[in-house]
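Examination of the molecular architecture
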Amino acid sequence: VPSRVQDRVAEEESEGDDDEGDGLEWNVGFAELPRRPSDLYRHRFPSKVGGAPAWLQPVDLPHPELLTCPLTHRPLDFLAQVYAPLDQVHAGAFHRSIFLFVSPQGD
């Protein structure tokens, strides 16, 4: 099966090639189990799927209203956290993570 998947990906890439290009660079990643539980500590800036968020600044958490579905008024479920450092360092900038929350009802 993996070879058929690889063949299909290669076929789609060759079909989608054009001279114009979109100017974007794509990076694809896959979730892996941590080598050690300590790899998920917040000071290691983890990327993770599921569980609880590893907030980078636990003293400055989002207001509960921001973590509530505006349609159902139920708390959002944590889905993933991705470490996404900036290419250029700005004054006062530290590290950056993207947190993804979803509605438990799919709304």
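Remember, it's a predicted structure, so these values are computed and weren't measured experimentally. Residues take numbers from 1 onward in each chain, read along the sequence in its written order. With the structure being a predicted model, the display of local features is reserved for residues of pLDDT at least 70 and the display and counting of side-chain atom pairs for 80 or more, all residues being used for whole-chain, interface and lining totals. Side-chain measures were taken over the full set of non-hydrogen atoms in the model, leaving aside hydrogen atoms and water.

A look at the overall build of the chain
Strands are runs of DSSP state E lasting at least 2 residues, helices are runs of H or I lasting at least 4, and numbering of each runs from the N terminus. A tally of regular secondary structure across the chain gives 1 helix and 3 strands. Counting helices and strands in the order they occur from the N terminus, the chain gives α-β-β-β. Burial statistics for the chain: of 107 residues in total, 13% are counted as buried. Between buried and exposed lies partly exposed: a residue is buried under 20% and exposed over 50% of the maximum accessible area for its type, with that area taken using a 1.4 Å probe on protein chains only.

Describing the pattern of salt bridges
Basic side-chain nitrogens of Lys or Arg form a salt bridge, by our definition, when they fall within 4 Å of a carboxyl oxygen of Asp or Glu. On inspection of all chains with the given rule, the structure shows 1 salt bridge. For Arg36, the salt bridge is made with Asp39, and the minimal N-O distance between the two is 3.2 Å.

Some points on the sheet that holds strand S2 (residues 77-83)
The strand order across the open sheet formed by 3 strands is S1-S2-S3, and the pairing between neighbours is antiparallel. Of all strands in the sheet, those bounded by a partner on one side alone are strand S1 (48-49) and strand S3 (97-102). Between any two strands, at least two bridges found by DSSP are needed for them to pair. The pairing of S2 with S3 spans 6 bridges and is antiparallel. Bridge pairing in S3 links Asp77 to Val102.

Focus: unusual backbone geometry
Trans peptide bonds make up the majority, and among non-glycine residues the majority have a negative phi. The phi torsion at His73 lies on the positive side, around 65°, for a residue other than glycine. Looking at where His73 falls in the secondary structure, it is placed in the loop between S1 and S2. You can call His73 exposed: its relative accessible area is 61%.

As for the pairing of S2
Both S1 and S2 contribute to a ladder of 2 bridges, which runs antiparallel. By the bridge assignment for S2, Lys48 is matched with Gln81.

Description of the side chain of Gln81
Mapped onto the elements, Gln81 comes out in strand S2. One polar contact links the side chain of Gln81 to the main-chain carbonyl oxygen of Pro46, over a distance of 3.4 Å. Under the rule applied, a polar contact is a pair of N or O atoms within 3.5 Å (in protein, one hydrogen donor and one hydrogen acceptor; residues adjacent in sequence only if both atoms are side-chain atoms). Polar contacts involving the side chain of Gln81 include one to the main-chain amide nitrogen of Ala54, which spans 2.9 Å.

Some thoughts on the side chain of Asp39
Structurally, Asp39 can be placed in the loop between helix H1 (2-16) and S1. There is a polar contact of 3.3 Å between the side chain of Asp39 and the backbone nitrogen of Arg35. Setting aside chain neighbours within four positions, we find Asp39 in contact with Pro34, Arg44 and Pro46. Residues count as neighbours in contact if any of their non-hydrogen atoms are within 4.5 Å of one another.

Thoughts on the environment of Gly51
Position of Gly51 among the secondary structure elements: in the loop between S1 and S2. Residue classification places Gly51 among the exposed residues on the basis of a relative accessible area of 68%. Residues Gly51 and Phe78, spaced 27 residues apart in sequence, show a C-alpha to C-alpha distance of 7.2 Å.

So, a nonpolar patch on the surface
Only residues above 30% relative accessible area that lack a salt bridge enter a patch, with like-charged residues linked at up to 9 Å and the nonpolar side chains Val, Leu, Ile, Met, Phe, Trp and Tyr linked at up to 5 Å. In these tables, accessible area is a Shrake-Rupley quantity obtained with a 1.4 Å probe, and a residue counts as shielded only by the protein chains included in the view. On the surface, Leu79, Leu100 and Val102 cluster together into a nonpolar patch covering about 220 Å² of accessible area. The topology assignment puts Leu100 in strand S3. Owing to a relative accessible area of 42%, Leu100 belongs among the partly exposed residues under this scheme.

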